[in-house]
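# Coordinate inspection notes
Here are the chains, one letter per residue:
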Amino acid sequence: MSFKKMINSMLMMSLLMPVLAFGQEKLTGLQIIQNVYDRPTGKDQTGELTMTLINSRDDQRVRKIRQYLKNFGQVEKKTMFFISPADVRNTSFMNWSYDEQGRDDDQWIYLPALKRVKRISSDSKSDYFMGSDFTYDDLGDRHPTEDTHNLLREEKYNGESCYVVESIPKEENYMYSKTITWIIKDKWIGLKKEFYDEDDDLLKMLTVKKYEKIKGYWLILHSEMSNSQKDHKTDMLLENVQVDVGVSDDNFTERMMKRGL
Amino acid sequence: MNRFFEKLITKQWLILAIVLIVTILFFWQMKQNSRMETDLDEYMPQDHPAFVYSNQAEDWFNIKDGVIIAIENEQGIYNSGTLNKVKQLTKALQKMEQVHKDDVTSLYSADNIIGTEEGLDVKPFFDRVPDSDSSLSKLQQNVRNNEMVFGRLVSTDEKVTIVVAEIGDDVFSQEFYHELLDLAKTYEGPEKLHVAGRPIVEGTMAYLGPRDMQRMVPIVIVVIILVLLFVLRSVKSTIFTLLVVLISTVWAFGLMAAVGIPIYAVSTMIPVMLIAIGVADGIHLYSHLFLFMKSNPGVGKKEAVLDMLKEMWKPVVMTSVTTAVGFISLLTSEVYPIKYFGVFTAFGVMMAMVFSLALIPAGIMAFGLPKIKQDSKNIGEQGRAFTAFALFINRHKYATIFVSIAIGAVSIFGMSKVWINSSFLDKFEKDSDIVLTDKFINKYFGGTSTLNVILDSSELDAFKEPAILTAMDQMQQDVDGSLEVVGNSFALTDYLKRMNKVMHADSEKYNIIPDSKELVAQYLLLYEMSGDPENLWQVVDYNYQKANVTFQLKSDNSKALNSALAAIDRHLGNFKNLGVKLNYAGSGYKGLVFSDLILEGQIKSLILSLIIVIALLSFMFKKITAGVIGAVPITITAFISFGVMGLFNIPLSTTTALLSSIAIGIGIDYGVHFIERYKIYAQETGDKNETSRQTMHHSGRAIIFNAVVVIAGFLVLLFSVFPPNRALGALVSLNMFTSFLGTVTVMYVLLYMSNIYFKKKK
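What you are looking at is a predicted structure, and each value in this text was computed from that prediction instead of being measured. (Residues numbered from 1 in each chain as written. Chains lettered and ligands numbered in written order. Predicted model: local features only at pLDDT ≥ 70, side-chain atom pairs only at ≥ 80, totals over all residues.)

## Here we look at the overall build of chain B
Across its full length, chain B carries 25 helices and 10 strands. Seen through its principal axes, chain B has C-alpha atoms that stretch 105 × 50 × 40 Å. Counting only residues that meet the buried cut, chain B has 52% of its 762 residues in that class. A separation threshold of at least 6 residues defines the contact pool for chain B, and within that pool the share at least 24 residues apart is 81%. (Helix = DSSP H or I, 4+ residues; strand = E, 2+ residues; numbered from the N terminus. Buried ≥ 20, exposed ≤ 12 C-beta atoms within 10 Å, placed from the backbone. Contact = placed C-beta atoms within 7 Å.)

Below, the structure written as structure tokens:
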């Protein structure tokens, strides 16, 4: 090895070293989002969800729902029963969401007035969930590989050290041109998320108002999604949450949907 | 007064200078601050309950007028080329800055609620443009099966489909219209594209009317100049008569700009009024001067001007004051632009009076008397003609009165047929693009005009009650079915019937309102889960307390609207029993209410000004009889004007309704000048026949000159490209003619028979 070559390789090393060292400490945007996606939330969960829809005139519609969730590995199943308003009481909704990329959710609804369970197909995960400002994707179904993630910066937000990650969808014509998420380090909870429309204008903003560690899992209990363009917002409050209580598989059947609360 | 005039006429240069300076100031104001108001909502009284409610409802349900672009393909629309155009045009419209993304409806953006074997599905008709035969025919089948789209977005013969972009009231501009036309043009061939809709009609009218007026008024002025030259036979007289009119117009608009009031569409009528009314003073003054110079050859200008002022100031002031009062009475209108119109026209009329009495004498003092040709034979002939006319009328006194009464009776019959039309479309040529496009779309679809029925209950969730929903559905079917002009309707009921049907395996038997409140609520929840809940808020409010039923009409004229209103009103009782209030909303309805307000205000002001005028005239002539007689030409003019409109099926509109004001303005002028002369000659001669002859010669001459000048000027408007301006020209001319004829015939006869000013002699 000539002196020149040695110098060259040393230079190479010195250039590479910090990068390698840095890479071990600092996570990429994708890794951060993957961590959020993979954050354990328990094997099963029950709780009461209060969804308050508020329009621009401050009219409110309140829906109370009892929900059951269970992770079956490749598929996550969820059943929801309406408690109120009275005219939709016992209407139930079941959703099977698959890990398999590109596979649509299966959804059923039971209308007690019709006494029949019906399949509903949502072609798109960009459908709004029950008239709220959340899409199915917003509710946490969106797989990290569907976007390109860039860590923009790290900063304090609401007293928490956060990663700020920008996610740009790979799919063209997706409903958002990008989202920016503030993620609490180590807890892997998105504390705030901004959604931008195709013209890069702010469309919606998600704010997490309350999160708690229950049975060792970080769970989001209270959040608000506001659509600034439509001046409409949705408040989601999760109460009486119980985790890992051994929810029976029976809860995720048509028979159970019909039985009601 | 004479002292004052003697002083006044020596200050000719000062007067000319002052008028010039103030005119320049006002002109500068006009240039700087004038602003045209084109938003039609600004015209409406915002605190009127009907408007308050409608505006609220528009806000609740996001009710807006839609621009409709129709894509026509003779070979049918189900081919990938045409469908791609639907998609691209929808996207292009959504990208326009004036259009909200969610406000564009087309086959591409619409939701298809379909029943599948397993349940319900709400999804777009197509996302990627179908290109295989099977996918095209599947789309065709989907559309045929969906009553919410078939016949609404796609014509039943499948050759036309529409893209609707709803836009706000204040969005439309000519640039936007041309942008739309250019956009549509890029999609032409083999498809044909048509652009229509109320915003276009409204916007084009607001633009076309005043622009046409701007083009026509100079021509009107030129014609008036020519006729003035002919009757006055003097360039100087013509120039000053015209200056009086033009300067008073500049002052009126200058003042308007100075106090920050925008120019409304009705304001473009101000010059029309001032031209028609303002030339009268000049003509009467010059006509008097001319006759004085004839009978006193070689008279000095100072003496002639003094005589003119002395003899004529009274009628000039009287006519101007009464005319101004007539316009001021428009303050009783609830419509602000009309109030402003009244006030500023009154101001212009008063200014015209001041200029006539200051500027015309100053002009003569500064630039000399008009030259008159010593054509005595002609004058003698004229004099003889007027005398003969007076004698003729005298001989046929009773016939004159009888004919007048007969005409009055026919007019009253005609008036009973007068209808007010708030239509914008009817203001365009029958073969104009706008009318033809509108017809085209009305032929294939529900209609280009909309009427919104707002149902309102005090109960929460009222519009989930089957009884109320059934009543709504019955109303829709009844109104749709019984009236040709109603193309279709759209409401919450259509969503529910559609869902009920598809949830029952597409069975037509279930194309009805579900029979339980729970089922309704659950369907709605289902829709919110699978569809776009935003769509629901256009037909019902958040708490299901208010609902919006949209009727599509094939015409925007008042007869069509009223027939729909009458049909809907039949259901009032039914809704009342269910605790539901029914109101109307939307731009068409507001237009209708607005026209009624204008008409009502116009009638109120007409009656009020008639009373004021009779009172004023009685006071001025110090005789009630004279006051009543003086009001005859106004009455006749108004009667005939409205009578003709009724008989010839010319509907009242915002412009034509204002014409009754002209009737007052002109009618008074003629009457006052005539009576004033009559009175003077009666006192001079003491002989009734001599008085008649001289009055006819003096006043009758000026009146006929006046009438000829204005009629000639306004007949020019018959060549206007904008039909309302043509109607305006015809009606102003008619009013001038009837005022003139009424004055020299029936008013004269009444004056002659009443023996006022002769009592002592007889």
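## As for the overall build of chain A
Per the secondary structure count, chain A includes four helices and 13 strands. Evaluated residue by residue, chain A yields a buried proportion of 29% over its 261 residues. The long-range fraction of contacts in chain A, counting pairs at least 24 apart against all pairs at least 6 apart in sequence, stands at 41%.

## Things to note about the sheet that holds strand β5 (residues 160-167) of chain B
Residue and element names in this part refer to chain B. Pairing within the open sheet is antiparallel, and its four strands lie in the order β2-β5-β1-β6. Unpaired on one side and paired on the other, β2 (104-105) and β6 (192-196) mark the two borders of the sheet. Pairing between strand β1 (residues 65-72) and β5: eight bridges, direction antiparallel. In the sheet register, V67 faces β5, and the bridge partner there is A165. (Pairing = 2+ DSSP bridges.)

## Focus: the sheet that holds strand β10 (residues 580-585) of chain B
All names here are of chain B. The strand order across the open sheet built from four strands is β8-β9-β7-β10, with neighbouring strands paired in antiparallel fashion. This sheet does not close on itself; its edge strands, each paired only once, are β8 (486-490) and β10. Each neighbouring strand pair of the sheet contributes to a mean axis angle of 25°, computed without reference to strand direction. When strand β7 (residues 449-457) meets strand β9 (residues 546-553), the two strands line up antiparallel, connected through eight bridges. Across the sheet, the residue bridging to L455 is A547, located in β9. (Axes fitted to C-alpha atoms, helices over the stretch in contact; angles between N-to-C directions.)

## A few points about the pairing of strand β12 (residues 217-227) of chain A
Residues and elements named next belong to chain A. Relative to β12, strand β11 (residues 202-214) is paired through 10 bridges, and the arrangement is antiparallel. Looking across to β12, one finds that K204 is bridged to N227. Counting the residues that bridge the hairpin from β11 to β12 gives two residues, and of these K215 lies at a positive phi of roughly 50°. As paired strands, β12 and strand β13 (residues 232-243) are joined by six bridges and run antiparallel to one another. Residue pairing across strands places H222 opposite L237, the latter belonging to β13. The hairpin formed by β12 and β13 contains four residues between the paired strands, and D231 there has a positive phi angle of roughly 55°.

## A short note on the domain arrangement of chain B
The extent of an interface is frequently quoted as the accessible surface area lost upon association of the parts. The assigned domain composition of chain B is domain 1 (1-33 + 233-372), domain 2 (61-202), domain 3 (375-416 + 588-762) and domain 4 (447-587). Placing a centre on the C-alpha atoms of domain 1 of chain B and another on those of domain 2 of chain B gives a separation of 58 Å. (Domains from an automatic or database assignment.)

## Quick look at the nonpolar core
Residues I69, V163, A276, L359 and V732 of chain B are the most contacted members of the largest nonpolar core, which totals 179 residues. Of all the elements, helix α11 (residues 336-367) of chain B adds the most residues to this core, at 18 residues. If we ignore the near neighbours within four places in the chain, the residues touching V163 of chain B are I69, V86, L89, T90, L93, V104 and S106 of chain B. Membership of the second largest hydrophobic core comes to 71 residues, among which are F93 and M257 of chain A together with Y495 and F575 of chain B. (Core = buried A, V, L, I, M, F, W, Y, C linked by C-beta atoms within 7 Å.)

## What about the interface of chain A and chain B?
Counting from both sides, the interface comprises 20 residues of chain A and, opposite them, 22 residues of chain B. Mapped onto the side of chain A that touches chain B, the elements with two or more residues apiece are β5 (106-111) and β6 (116-121) of chain A. The element best represented in the side of chain A that touches chain B is β6 of chain A, accounting for four residues. Across the side of chain A that touches chain B, the residue classes tally to nine nonpolar, five polar and six charged. (Nonpolar A, V, L, I, M, F, W, Y, C, P; charged D, E, K, R; others polar.)

## Overview of the packing of helix α9 (residues 269-295) of chain B against α11 of chain B
All names here are of chain B. Interhelical geometry of α9 versus α11 gives an angle of 25° and a closest axis separation of 10 Å. Accordingly, the angle class assigned to the pair α9 and α11 is roughly parallel. Viewed along their axes, α9 and α11 form a crossing whose handedness is right-handed. Here M269, I270, M273, L274, I277, G278, D281, G282 and L285 of α9 come into contact with α11, specifically with F341, F344, T345, G348, V349, A352, M353, S356 and I360. (Parallel < 35°, antiparallel > 145°, perpendicular 65-115°, else oblique. Left-handed = near helix turned anticlockwise from the far one by under 90°.)

## Some points on the environment of I277 of chain B
Of note, I277 of chain B is situated in helix α9. C-beta crowding within 10 Å serves as the criterion here: with 30 such atoms nearby, I277 of chain B is assigned to the buried category.

## Re the packing of helix α7 (residues 198-232) of chain B against helix α8 (residues 235-258) of chain B
Helix packing geometry: the angle between the two helix axes and the distance between the axes. All names here are of chain B. Direction vectors running N to C along α7 and α8 enclose 135°, while the axes themselves pass 8 Å from each other. Our classification of the angle between α7 and α8 gives oblique. You can see that α7 and α8 cross each other, and the crossing is right-handed. Mapping the contact onto sequence places I225, L228, L229 and L232 in α7 and V235, S237, T238, T241 and L242 in α8. Partitioning the contact of α7 with α8 into residue classes produces six nonpolar, three polar and no charged.

## Structural notes on unusual backbone geometry
Cis geometry is adopted by the peptide bond preceding P85 of chain A, which originates at S84 of chain A and carries an omega value of 0°. Relative to the elements of secondary structure, P85 of chain A occurs in the loop between β3 (75-84) and β4 (92-98). The step from G189 of chain B to P190 of chain B runs through a cis peptide bond, and the omega angle for that step is -5°. Relative to the helices and strands, P190 of chain B resides in the loop between α6 (174-185) and β6. Even without a glycine there, the phi angle at D58 of chain A is positive, about 65°. On the secondary structure map, D58 of chain A appears in the loop between β1 (44-54) and β2 (60-71). Look at D58 of chain A and you get exposed, because 8 C-beta atoms sit within 10 Å. Even without being glycine, D461 of chain B reaches a positive phi, approximately 60°. Its location among the elements puts D461 of chain B in the loop between β7 and α15 (466-482).

## A few points about helix α25 (residues 723-754) of chain B
In an α-helix, one turn spans 3.6 residues, which is why side chains three or four residues apart end up on the same side. Residues and elements named next belong to chain B. Given a rise of 1.5 Å per residue, 32 residues ought to cover 46 Å, and the 43 Å separating the end C-alpha atoms of α25 matches this to within 8%. Its axis deflected by about 40° at G742, α25 carries its strongest bend there. By the criterion of burial, α25 is predominantly enclosed, with 24 of the 32 residues buried. Once α25 finishes, N755 follows within two positions and takes phi at roughly 65°, a positive value. (Expected span 1.5 Å × (residues − 1). Bend = angle between axes of the 7 residues up to and from the residue.)

## Some thoughts on the confidence of the model for chain A
Scored by pLDDT, chain A comes out at a mean of 85, with 87% of its residues at no less than 70. Contacts from residues 16-24 of chain A, a stretch scored under 50 in pLDDT, to residues over four places away or in other chains number zero contacts. (pLDDT = per-residue confidence, 0-100.)

## Quick word on the environment of S356 of chain B
Residues and elements named next belong to chain B. If you trace the backbone, S356 turns up in helix α11. Residue classification places S356 among the buried residues on the basis of 30 C-beta atoms within 10 Å. As a C-alpha pair, S356 and V279 span 77 residues in sequence and 9.2 Å in three-dimensional space. When sequence neighbours within four positions are dropped, the list of residues in contact with S356 reads V244, D281, G282, L285 and V316.

## Digging into the environment of I270 of chain B
When you line up the elements, I270 of chain B lands in helix α9. In this structure I270 of chain B touches T249, A252, F341, F344, T345 and G348 of chain B, once residues within four positions along its chain are discounted.

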